[in-house]
Amino acid sequence: FQAEDGIRDFCLSRGLGDVYKRQGQNIPLNEDQIKSSKSKKGIFEELYYDSSQLQVVGYTTIGGNDLVKIKIDDKTIKYYDINSGLLERSEETTMVEGNSITTTRKFSDYTDVDGILYPFKTEIINGMQTITIEFEEIKFNESFAESDFN
């Protein structure tokens, strides 16, 4: 497992192990971070949720959008737009060196890609730091050569 500036995905680690890469530095992940990352499945993890474990914990309005607040587990809350059903934001709390840290991810600019609405903009807010990821293009099921990964 590797993570690049907030983008998590299972991939060949090329010998780096379980690390978080940021600004050229390899930061080892703690057990809580590794467990959380490994529990996520597929590109749309919602497809794998056990609905008996989910809990609606409220409704709120953020940025003019009416949202339903759903508790996924003890560490994760997700907010879905009541009208569109799209994920608007998530909050995940982890323990880092004995401190509780909440990371908020805001999803926007949904665009149809091969019949799937995908957020082309993600803002990751961790304390005073905000990282914005914007996609220009997303392609699914593209073929890659082995040499693309060397």
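Because the structure is predicted, anything quoted here is derived from the model rather than measured.

## A short note on the overall build of the protein chain
Next, step 1: Scanning the protein chain from terminus to terminus reveals one helix and eleven strands.
Next, step 2: Along its sequence from the N terminus, the protein chain presents helices and strands in the succession β-β-β-β-α-β-β-β-β-β-β-β.
Next, step 3: Within the span of the protein chain, comprising 150 residues, buried residues form 29% of the whole.
Next, step 4: A fraction of 20% describes how many contacts in the protein chain between residues 6 or more apart in sequence connect residues 24 or more apart.

## Thoughts on the packing of aromatic side chains
Next, step 1: Following the criterion strictly, the structure yields four aromatic pairs and no others.
Next, step 2: With a centroid separation of 6.2 Å and 70° between ring planes, the pair formed by tyrosine 118 and phenylalanine 135 is classed as edge-to-face. Remark: phenylalanine 135 occurs in the segment after strand E11 (129-134) and tyrosine 118 occurs in strand E10 (residues 116-126); sequence separation between them is 17 residues.
Next, step 3: With a relative accessible area of 33%, phenylalanine 135 lands in the partly exposed category.
Next, step 4: Aromatic pair phenylalanine 120 and phenylalanine 135: ring centres 6.4 Å apart, planes at 75°, arrangement edge-to-face. With a gap of 15 residues between them, phenylalanine 120 in strand E10 and phenylalanine 135 in the segment after E11 connect regions that are remote in the sequence.
Next, step 5: One aromatic cluster in this structure is built from Tyr118, Phe120, Phe135 and Phe140.

## Let's talk about the confidence of the model for the protein chain
Next, step 1: Scored by pLDDT, the protein chain has a mean of 81; 77% of the residues are at 70 or more.
Next, step 2: The least confident element of the protein chain, judged by mean pLDDT, is strand E1 (residues 2-4) at 40; the most confident is strand E7 (residues 76-81) at 96.
Next, step 3: Under a pLDDT of 50 for its full length, residues 1-16 has, in the predicted model, 45 contacts with residues more than four places off or in other chains.

## A few points about the pairing of strand E8 (residues 87-96)
Next, step 1: For E7 and E8, the ladder comprises five bridges, and the chain directions are antiparallel. Paired with threonine 76 across the two strands is glutamate 92, which belongs to E8.
Next, step 2: Of the strand pairs in this sheet, E8 and strand E9 (residues 99-113) are connected by eight bridges, and their pairing is antiparallel. Of the residues in E9, the one forming a bridge with valine 96 is asparagine 99.
Next, step 3: Linking E8 back to E9 in an antiparallel pair, the connection comprises two residues, with glutamate 97 at a positive phi of about 50°.

## So, the sheet that holds E7
Next, step 1: In space, the seven strands of this open sheet follow the order E5-E6-E7-E8-E9-E10-E11, with antiparallel pairing throughout. If you trace the sheet from one side to the other, it starts and ends with strand E5 (55-62) and E11, each paired once. Taking the axes of each pair of neighbouring strands and ignoring which way they run, one obtains an average angle of 25° across the sheet.
Next, step 2: Bridging between E10 and E11 involves six bridges; their strand directions are antiparallel.

## Description of the pairing of E7
Next, step 1: Among the six residues that make up E7, five are buried, leaving the element largely enclosed by the rest of the structure.
Next, step 2: Where strand E6 (residues 65-73) and E7 come together, six bridges link them in antiparallel fashion. What sits directly across from valine 68, in E7, is tyrosine 80.
Next, step 3: In this structure, the hairpin formed by E6 and E7 is closed by a connection of two residues.
Next, step 4: Where E7 hands over to E8, the hairpin turn is made up of five residues, of which glycine 85 adopts a positive phi near 80°.

## As for the nonpolar core
Next, step 1: Of all hydrophobic cores here, the largest spans six residues; its members are Val68, Ile70, Ile72, Tyr80, Leu87 and Phe107.
Next, step 2: With three residues, the top contributor of residues to this core is E6.
Next, step 3: Look past the residues within four positions of isoleucine 72 in its chain and what remains in contact with it is Tyr49, Gln53, Leu54 and Lys78.
Next, step 4: Among the nonpolar cores identified, the runner-up in size contains five residues, and Val113, Tyr118, Phe120 and Phe140 belong to it.

Cut-offs applied
Residues numbered from 1 in each chain as written. Predicted model: local features only at pLDDT ≥ 70, side-chain atom pairs only at ≥ 80, totals over all residues. Heavy atoms only, no water. Helix = DSSP H or I, 4+ residues; strand = E, 2+ residues; numbered from the N terminus. Buried < 20%, exposed > 50% of the residue type's maximum accessible area, 1.4 Å probe, protein only. Contact = heavy atoms within 4.5 Å. Phe/Tyr/Trp six-rings, centres within 6.5 Å; stacked < 30°, edge-to-face > 60°. pLDDT = per-residue confidence, 0-100. Pairing = 2+ DSSP bridges. Axes fitted to C-alpha atoms, helices over the stretch in contact; angles between N-to-C directions. Core = buried A, V, L, I, M, F, W, Y, C linked by side-chain atoms within 4.5 Å.

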